Amino acid sequence: MMDDLSQAGIAVNEIDATEHSAPSDIGTGIRTGKQYLEGLRDDREIWHRGKRVKDVTAEPGMARGAETLGGFLDRQHDAKWRDTVTYVDEDGDRCAMAYKKPKSKEDVIARGRAYYEWAKWSNGMFGRTPDYKNASVMAFASATSFLAQGTKGNADFAKNMTNFYDYARKNDKVLTHTLVNPAVNFQQAASGKFNEKVALHVTKETDAGIYVNGARLLATLGPLSDEIEVFPSTVLRASEDNIPFAFAFAIPIATPGLKMMCRDSYDHGESTFDAPLSSRYEEMDAVVIFENVFVPWERVFMYGQPELCNQAFNATNAVVHMMHQVACGKLAKAEFMVGLMCKIAAASGRDKDLHTKGLIAEVMQMTEAVRAMLYSAEQQAHEDEFGNFIPLRGPIDTSRNMFPKMYPRMVEILQLIGSSSLMATPSEADFSNEMAGDVEQYFQLANAESRDRVGLFRLAHDVAISGFGTRQALYERFFFGPPALMASAYYDIYDKDDKMDRIDALLAQD
Ligand SMILES: Cc1cc2nc3c(=O)[nH]c(=O)nc-3n(C[C@H](O)[C@H](O)[C@H](O)COP(=O)(O)OP(=O)(O)OC[C@H]3O[C@@H](n4cnc5c(N)ncnc54)[C@H](O)[C@@H]3O)c2cc1C
């Protein structure tokens, strides 16, 4: 049937399915950074600044982000963090904690502790650490009864997912995902219809698998990932006539025909003193183009059923586990913003100034609101229909909806208290050239030597002004989905009835 979907004029890559079947090697758990970096050196097709990248681990603007993530993977082996961010599975293999199926409230709290630890390593500035996707894969692999509703010939979608879970977990794979189709027409997109000129869709079906053609919007960490999950959106709803656009699958980044078109890197090669964040945490975003890409059936998890796809993230509770990871990460990031602003205030003596303290207190209050929501969600963890414990959705959904507004406000406050000091930022080299004396003299503050002041404000600059920092704010606004649609979904599931009943009761009083 789906053969009919082949578009005239498109040369479908007739790929021998046996060459590209899903990897089946089962590893033994967490990898080292070295193993991760070696894994990135393959035939992946990555485009950056007008050229095809030969090796992402050596590409200026990408290499240092990859090294940073490699360093984080190494920390999983370090006794200081190991027991917080990993667990030992039934085979005795040590795996990443986000893969652990939570069977109690304590497990949920332990997962939260691991997310928070991962986020603290970058102070939330490397947003797409692998635990985000791991949490989602764990949830989907637990929801076998949901995936088993999918029907297509002999395909066993639930089994495909549990196999993928084991593969990703036991090999400590770094995953990215892409959920959103590009749109050419807002009205069409708003009605849930996709445009086959640009949106990813199935063009051909064979006994071995499906072929897909088109593009998907952003995959953060895409060029630095091992595998990509291509799933339906968490919030955008496909309409019923969107069968060719309805699927979920995962494939290696190095799959033939898969191309990634990166934005310009924000890591411009500066020293860690000059660019404390962008020199370390460039995670890269890329639009993903699929040129008749073959996906073996073993890697397909949903297919041809828009209504099932629409429910996927909610029905499996993947969205709740992802929100949990997000809330923990945002707490680490908000705490970092408080610390940075307090350091700035202390350096200049403005920690005695009423106005400055009031502004920073606003950031503190947002931080404590995130912490309280997270605590509330974890303490009210409960069992779901798949036998997993999940945090209570309401509080972390509130956090997810509020942080996209909180973070830009935090950046605004940093700009307000930083003001011209965000521009008074000589470079590291100016401390050793003929300007050194002037820089030592004129950049001091009441409570900070020049070098400390410049270092602090270069950090603030990287948060509040730089390309890296501006992209962070955009990320917070949008990475989980369009804010208007997330708010609309929040409204729909909010428990409103008792509140409305009270209005009725008041109006009914004599
Ligand atoms: C830095 C960054 C990283 C990202 N990383 C990833 C990733 O790794 N994987 C991934 O899948 N996606 C990623 N995204 C994409 C993200 O999911 C989308 O940006 C988000 O869903 C919004 O979609 P859009 O960008 O097409 O904006 P649009 O949908 O065009 O929205 C633009 C504006 O219109 C509003 N709007 C949209 N639809 C409606 C409507 N029906 N009614 C009223 N208002 C509406 C939105 O709220 C928004 O304000 C990333 C985005 C950014 C900015």
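Values in this document were obtained by computation on a predicted structure and should not be read as measured data. (Residues numbered from 1 in each chain as written. Predicted model: local features only at pLDDT ≥ 70, side-chain atom pairs only at ≥ 80, totals over all residues. Heavy atoms only, no water.)

Novice: Help me out: how do you make sense of the packing of helix H1 (residues 33-40) against helix H2 (residues 63-75) in this one?
Specialist: Packed helices, taken two at a time, are described by their axes: the angle between them and the distance between them. Look at H1 against H2: their axes get within 7 Å of each other, and the N-to-C directions meet at 140 degrees. In this view, H1 runs oblique relative to H2, as classed from their interaxial angle. Two secondary-structure elements touch here, H1 through Gly-33, Lys-34, Tyr-36, Leu-37 and Leu-40 and H2 through Ala-66, Glu-67, Leu-69, Gly-70, Leu-73 and Asp-74. Of the residues contributing to the contact of H1 with H2, the split by class is 6 nonpolar, 2 polar and 3 charged. (Axes fitted to C-alpha atoms, helices over the stretch in contact; angles between N-to-C directions. Helix = DSSP H or I, 4+ residues; strand = E, 2+ residues; numbered from the N terminus. Parallel < 35°, antiparallel > 145°, perpendicular 65-115°, else oblique. Contact = heavy atoms within 4.5 Å. Nonpolar A, V, L, I, M, F, W, Y, C, P; charged D, E, K, R; others polar.)

Novice: I would appreciate a short explanation of the site of the ligand in the present structure.
Specialist: In the vicinity of the ligand, 22 residues are found, and the nearest of them are Arg-128, His-177, Leu-179, Leu-218 and Thr-220. Leu-218 has a polar backbone atom sitting 2.8 Å from a nitrogen atom of the ligand. Thr-220 places a side-chain nitrogen or oxygen 2.7 Å from a nitrogen atom of the ligand. Protein coverage of the free-state accessible area of the ligand, which is 950 Å², stands at 72%. (Near = heavy atom within 4 Å. Polar contact = N/O pair within 3.5 Å; in protein donor to acceptor, adjacent residues only side chain to side chain. Areas by Shrake-Rupley, 256 points an atom, 1.4 Å probe, with all protein chains shown as cover.)

Novice: Explanation requested: helix H7 (residues 157-170) in the structure shown.
Specialist: The periodicity of an α-helix, 3.6 residues per turn, causes residues three or four places apart in sequence to face the same way. With 14 residues, H7 extends 20 Å from end C-alpha to end C-alpha; this agrees with the ideal 20 Å at 1.5 Å per step. Counting buried residues along H7, 11 of its 14 residues qualify, which places the element largely inside the surrounding structure. The complete set of buried residues in H7 reads Phe-157, Ala-158, Asn-160, Met-161, Thr-162, Phe-164, Tyr-165, Tyr-167, Ala-168, Arg-169 and Lys-170. Directly beyond the C-terminal end of H7, a positive phi value near 50 degrees is found at Asp-172. (Expected span 1.5 Å × (residues − 1). Buried < 20%, exposed > 50% of the residue type's maximum accessible area, 1.4 Å probe, protein only.)

Novice: Looking at this structure, I do not really get the nonpolar core. What am I missing?
Specialist: Looking at soluble globular proteins, one finds that nonpolar side chains tend to be buried together. Counting 134 residues, the largest nonpolar core has Phe-249, Phe-290, Met-337 and Met-410 as the members making the most contacts within it. Top element by residues in this core is helix H10 (residues 318-348). It accounts for 18 residues. Residue-level mapping places this core at the junction of two domains, with at least three residues from each of domain 1 (2-315) and domain 2 (318-496). Residue contacts for Met-410: discarding those within four places in its chain leaves Ala-334, Met-337, Met-341, Val-363, Met-366, Thr-367 and Phe-403. Of all hydrophobic cores here, the second largest spans 5 residues; its members include Phe-273, Phe-431, Val-439 and Phe-443. (Core = buried A, V, L, I, M, F, W, Y, C linked by side-chain atoms within 4.5 Å. Domains from an automatic or database assignment.)

Novice: Hey, could you run me through the environment of Arg-94 in this one?
Specialist: If you trace the backbone, Arg-94 turns up in strand E4 (residues 94-96). Sequence separation between Arg-94 and His-77 is 17 residues; the distance between their C-alpha atoms is 9.2 Å. Among all residues touching Arg-94, those that are not within four sequence positions of it are Thr-28, Gly-29, Ile-30, Arg-82, Asp-83, Thr-86, Tyr-87 and Val-88. Here Asp-83 takes part through its side chain, which lies 3.5 Å from a polar atom of the side chain of Arg-94. Within the structure, the side chain of Arg-94 is placed 2.7 Å from the side chain of Thr-86, a separation counted as a polar contact.

Novice: Sorry, what's going on with the domain arrangement of the chain here?
Specialist: Accessible area lost during the coming together of the parts is what is often quoted as the interface size. Under the domain assignment used here, the chain contains domain 1 (2-315) and domain 2 (318-496). Distance between the C-alpha centres of domain 1 and domain 2: 26 Å. Domain 1 puts 52 residues into the contact, and the matching count from domain 2 is 47 residues. In total, about 4,200 Å² of surface goes out of reach between domain 1 and domain 2, with carbon and sulfur atoms giving 63% of it. The tally of links between domain 1 and domain 2 comes to 4 salt bridges. In this structure, Arg-458 engages Glu-270 in a salt bridge whose closest nitrogen and oxygen atoms are separated by 3.9 Å. Only helix H4 (105-120), helix H5 (131-142), helix H6 (144-147) and helix H9 (306-315) provide two or more residues apiece to the side of domain 1 that touches domain 2. Broken down by element, the side of domain 1 that touches domain 2 gets its largest block of residues, 9 residues, from H4. (Buried area = accessible area lost by both parts, 1.4 Å probe. Salt bridge = Lys/Arg side-chain N within 4 Å of Asp/Glu carboxyl O.)

Novice: Could you clarify how one ought to interpret the sheet that holds strand E10 (residues 258-262) in this entry?
Specialist: To summarise the sheet geometry, strands pair through backbone hydrogen bonds and adopt either a parallel or an antiparallel arrangement. One open sheet accounts for 6 strands, arranged E2-E1-E10-E11-E7-E6; its pairing is mixed. What marks the edges here is a single partner per strand, and that holds for strand E2 (51-52) and strand E6 (201-205). The sheet contact formed by E6 and strand E7 (residues 209-220) spans 4 bridges and is antiparallel. Bridge assignment links Glu-205 to a residue of E7, and that residue is Ile-210. (Pairing = 2+ DSSP bridges.)

Novice: What is the right way to read the packing of H4 against H5 from this model?
Specialist: Relative to each other, H4 and H5 sit at 155 degrees, their axes nearing to 11 Å. As judged from the angle between their axes, H4 and H5 are roughly antiparallel. Between H4 and H5, the contacting residues are Arg-111, Tyr-115 and Trp-118 on the first element and Asp-131, Ala-135 and Met-138 on the second. Class assignment of the residues belonging to the contact of H4 with H5 gives a composition of 4 nonpolar, no polar and 2 charged.

Novice: I keep staring at the sheet that holds strand E5 (residues 175-178) and nothing clicks. Help me out?
Specialist: Here 4 strands make up an open sheet; going across it, the order is E5-E8-E9-E12 and the pairing mixed. Lying at the two open borders of the sheet, with one neighbouring strand each, are E5 and strand E12 (300-303). Taken pair by pair, the neighbouring strands of this sheet meet at an average axis angle of 20 degrees, ignoring direction. Bridging between strand E9 (residues 247-252) and E12 involves 3 bridges; their strand directions are antiparallel. In the strand pairing of E12, Phe-249 is matched with Val-300.

Novice: I keep staring at the UniProt feature "domain: HpaB/PvcC/4-BUDH C-terminal" (unreviewed entry) in the chain and nothing clicks. Help me out?
Specialist: Within this numbering scheme, the UniProt entry marks residues 309-507 as carrying the feature "domain: HpaB/PvcC/4-BUDH C-terminal" (unreviewed entry). The straight-line gap between the two end C-alpha atoms of residues 309-507 is 42 Å; of that span, 73% is helix and 2% is strand. (UniProt positions renumbered as here; feature names shortened; annotations may be inferred.)

Novice: It is not clear to me how unusual backbone geometry should be interpreted in this structure. Could you clarify?
Specialist: Trans is the prevailing form of peptide bonds, just as negative phi is the prevailing case for residues other than glycine. A positive phi angle is found at Asn-123, which is not glycine, with a value near 55 degrees. Within the secondary structure, Asn-123 is located in the loop between H4 and H5.

Novice: Sorry, what's going on with the pattern of salt bridges here?
Specialist: Side chains carrying opposite charge are able to pair once their charged atoms draw close together. Using the criterion set out here, one finds 35 salt bridges in the structure. Note that Asp-83 and Arg-82 form a salt bridge whose closest N and O atoms lie 3.8 Å from each other. A salt bridge links Arg-263 to Glu-282, with the shortest nitrogen-to-oxygen separation between them at 2.8 Å. Taken together, the residues Arg-263 in the loop between E10 and strand E11 (285-296) and Glu-282 in the loop between E10 and E11 connect sequence positions 19 residues apart. Pair check on accessibility: Arg-263 and Glu-282 agree, each one buried. Salt bridges sharing common partners tie together Asp-89, Glu-90, Asp-91, Asp-93, Asp-166, Arg-169 and Lys-170.

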